[in-house]
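# Coordinate analysis (summary)
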Amino acid sequence: MTSQEIRQQFLDYFKSKNHLIVPSAPIVLKDDPTLMFSNSGMTQFKDYFLGYKEPKAPRIADTQKCLRVSGKHNDLDDVGRDTYHHTMFEMLGNWSFGDYFKKDAIDFAWELLTEVYGIPKENLYVTIFEGDATENLERDQDAYNFWKSHISEDRIINGNKKDNFWEMGESGPCGPCSEIHVDLRTPEEKAKVSGLELVNNDHPQVVEVWNLVFMEFNRKADKSLEKLPQQHVDTGMGFERLCMALQQKESNYDTDVFTPLIAKVEELSGKKYTGILTDEKDIAIRVVVDHIRAVSFAIADGQLPSNGGAGYVIRRILRRGISYAYRFLDRKEPFLFELVAVLQNQMGKFFPELEKQGKLVTEVIKSEEESFLRTIERGLIRLDSIIKETQEKGGKILAGDKIFELYDTYGFPADLSRIIAEEKQLTIDEEGFEKHMYIRIEDSRIGSAFKVFDWVVLEEKPENFVGYDQIETETYITRYRKVENKDGEFYQVVLSNSPFYPEGGGQIGDKGILENAVESFEVLGTKKENGLIISLINGLPKDAGAVFYAKVNAAERKNSQANHSVTHLLHEALREVLGTHVEQKGSFVGPDYLRFDFSHFSKMTEEELALIEEKVNAKIKENIALQEFRNIPIQEAIDKGAMALFGEKYGDNVRMIQFGTSKELCGGTHVKNTSEIGHFKINSESSVAAGIRRIEAISGDKSEEYFRNLEKQMTDISQLLKSKDLVKSIEKLMEENAALKSEVDALKKEKAKGEIGEWKTAYEHKGDKQLLVKKTSLDAGSVKDIVFQLKKEIPTSVTIVLSDYDGKPMITVGISDDLSASYQAGTIVKDLAKEIQGGGGGNPGFATAGGKNLDGLENAYQKALNL
């Protein structure tokens, strides 16, 4: 049975049990402040469990893309070193929201595994929660009784809280769970050791395949448990492990989930995969095929590699794969990007985003490979320098701070430093390295520390967002909670009527004032979490239940919504000018400026940028009225021509924003008429990543301010030049400057001629060779001309010039052609440059180096005399 058939059978089975089959949510989470990635199948249903949203159906089934590389659930370091851990994996799941509970969940699981998939019953074991006295939780007797009807009691194992009480994070929905384990060993192995002894003991052939979670509780911030309003079922079955069991393999990597990728790596690297767990080559191949899946899906869902947040995690995964390929597969050129087509062929049917975003994924990965491979080369040069410095001092241990600098500044993998050090019979000061790592982690932790307390609920009432129509309203607080960070103590409040737009869709959250006759609080920002609009205020009201007046900062809202509306017009104009391949890949909308990222594979020309500006401003001048469709079925909106952004999660009903022919699904605030935007001005166009361009621009008040400043600059320049014809005046200045520069160059050449005559007579004979070490204040260009002339005219010569021109130290080395086999200018200049705290390079016959320490020129001079 192929992996595709296994996946389809799961979905078909639960469809026959009246479950609604839904697509996987994006692997990258954009609307959950507690998680960066979907780390389990239940992530997209969290609001259902908490009662914040009504589920689409009481029974749902799906296959969910998951990523476990950060936070509580982190499998990254295990990947490649065993048969079953992965960064990205699929979680097959069935869900009940207040419908069936333990009995049906257990019956469904048993029937599917034993009758549909045909796993022998004698190969299965189950675990149940044994209870926990510290939390007053009893043994899950119900689950035990239901399992007894399917499996012998000696195969039902008590499990502790760690293994059999499932929690998604520090807080949130949780409950007892029942795991199903499968014993894949041979009959001979089973006869020697019972599977009972190996369950939950990390045996590679006795593995958990399915976890049935019975959601009964909500873990609060104070660690207490409260009963959920309804009982739910959340199950997760590891797709890759299921394939291993059904295809009778000893490793996930031996299933057809991975074998096509492994075959491609073998073809590209010339290395043969043998499946040995301890073989570094095989570990590298497993790492590569696992990591390419994680990175490809993340990019397809809209998360580009970057230096922060979720983007940093994706870049780290990709660089780990590149590093393993570089070290153990001898791949010094990009090649991971060539695996994307194989992945598309395997999984494109079930995950169409891979097909749609395939070109972008391929180009981004290739660009990242090229960049990191250059980083590795630079890091190797720096590491070589560290090794030489250590050996020159007779040392055998590389300084931990130096290796950390390589890791932190160059992105050079620490384990690669260790391997190279071992090859040179050296070790690394691991304690020093870990100390610096700890400091960096602590600095990051302290900088982002954010303690959240439990909600104090004043009134169980659905909130009402009125911010599309009003920016001021009477309201009161329905719930509040204290939060603490490095800046102090604040409070988050939920309002009965809120005019404050919560951060989302690229638009920043509103700020403003919450006040009454007694007291006033600054609203520092607004976000949405678990369906609640939460405003952050700088204190707690004396009477939290009092009536308040909420006022949005009108000026900031006006500018933000102008920038948001103009991003829609910009998106449409880009597609008209560049082509329909253009898709939004990210945005930032604030009161001061807008940023718009989009897919395009080449730098935009000045003509294209001008045309974009012209088209957007033409739409602004047309005075196009906003057409807003607040709550229409998503299919109706798409039928009307609305653009849905790839990687975004939409509900069944959506809001559509239309300005003439521009139609997009959007929850942000907008102008009522394009004329309110005023004017649109592009400030810059740049590259974000391979295939992704970025435009930064301004509109409204900021655009007016830009042109006022420009006008003032023109006036100031006109006064300086004492002319209103600025072009003519500047042309005259340029002509005068060119004439003066020509005169200066002529004088420099005359001075250099005089120097050459003197320098020719200053060479010292060193055996059969000649050495000139000369101090000067000439500029770099003049020195270069002289050295090139001398190395031609003076045979068997080494020429070294030390310059202090403009107060900056510089060293130039020239080698005559007849000595180029014996001396290297680059080697000499690098050695001398240490004295001026600098570096440089060149070719064997000519090299230069600049530095920071002017006083070091004297030491360099004495050192050069001893060549």
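Residues numbered from 1 in each chain as written. Predicted model: local features only at pLDDT ≥ 70, side-chain atom pairs only at ≥ 80, totals over all residues. Heavy atoms only, no water.

### Considering the overall build of the chain
On a plain count of helices and strands, the chain comes out with 24 helices and 36 strands. Seen through its C-alpha atoms, the chain measures out along the principal axes to roughly 105 × 75 × 50 Å. In the chain, buried positions account for 51% of the 867 residues. If you sum the accessible surface of the chain, you get close to 40400 Å²; carbon and sulfur atoms cover 48% of it. Within the chain, the 141 negative side-chain charges are centred at a point lying 3 Å from the centre of the 112 positive side-chain charges. (Helix = DSSP H or I, 4+ residues; strand = E, 2+ residues; numbered from the N terminus. Buried < 20%, exposed > 50% of the residue type's maximum accessible area, 1.4 Å probe, protein only. Areas by Shrake-Rupley, 256 points an atom, 1.4 Å probe, with all protein chains shown as cover. Lys, Arg positive; Asp, Glu negative; His and termini not counted. Charge placed at Lys NZ, Arg CZ, Asp CG, Glu CD.)

### A closer look at the sheet that holds strand β32 (residues 769-776)
Across the sheet, which stays open at both edges, the six strands sit in the order β31-β32-β33-β34-β36-β35 with mixed pairing between neighbours. Looking at the sheet topology across the chains shown, the edges are occupied by β31 (764-766) and β35 (839-843). Looking at each pair of strands side by side, their axes are set apart by 15 degrees on average, direction ignored. Inspection of the sheet shows β35 paired to strand β36 (residues 846-850) by five bridges, in the antiparallel sense. Across the sheet, the residue bridging to Gly841 is Thr848, located in β36. Packed on one face of the sheet, helix α24 (residues 857-865) meets β31, β32, β33 (797-803) and β34 (810-815) and runs near 170 degrees to β32. (Pairing = 2+ DSSP bridges. Axes fitted to C-alpha atoms, helices over the stretch in contact; angles between N-to-C directions. Contact = heavy atoms within 4.5 Å.)

### Quick look at the pairing of strand β29 (residues 680-689)
By the bridge criterion, eight bridges tie β29 to strand β30 (residues 692-699) in an arrangement that is antiparallel. Paired with Phe680 across the strands is Ser699, a residue of β30. Where β29 folds back onto β30 in an antiparallel hairpin, the turn is made up of two residues, including Gly691, whose phi is positive at roughly 80 degrees.

### A look at the packing of helix α13 (residues 358-392) against helix α14 (residues 400-410)
For any two helices packed against each other, the geometry comes down to the angle between their axes and how far apart the axes lie. For the pair α13 and α14, interaxial distance at closest approach is 11 Å and the crossing angle is 165 degrees. Between α13 and α14, the angle falls in the class roughly antiparallel. In the packing of α13 onto α14, the handedness of the crossing is right-handed. Contacts between α13 and α14 pair Thr375, Arg378, Gly379, Arg382, Leu383 and Ile386 from the former with Lys402, Ile403, Glu405, Leu406 and Tyr410 from the latter. Of the residues that constitute the contact of α13 with α14, the class distribution is five nonpolar, two polar and four charged. (Parallel < 35°, antiparallel > 145°, perpendicular 65-115°, else oblique. Left-handed = near helix turned anticlockwise from the far one by under 90°. Nonpolar A, V, L, I, M, F, W, Y, C, P; charged D, E, K, R; others polar.)

### Some thoughts on the packing of helix α9 (residues 280-300) against helix α10 (residues 309-328)
The N-to-C vectors of α9 and α10 enclose an angle of 150 degrees; their axes lie 8 Å apart at closest approach. One finds that α9 runs roughly antiparallel with respect to α10. Judged by the sense of rotation from one axis to the other, the crossing of α9 with α10 is left-handed. Between α9 and α10, the contacting residues are Glu280, Lys281, Ile283, Ala284, Val287, Val288, His291, Ala294, Val295 and Ala298 on the first element and Ile314, Ile317, Leu318, Arg320, Gly321, Tyr324, Ala325 and Phe328 on the second. Grouping the constituent residues of the contact of α9 with α10 by class yields 13 nonpolar, two polar and three charged.

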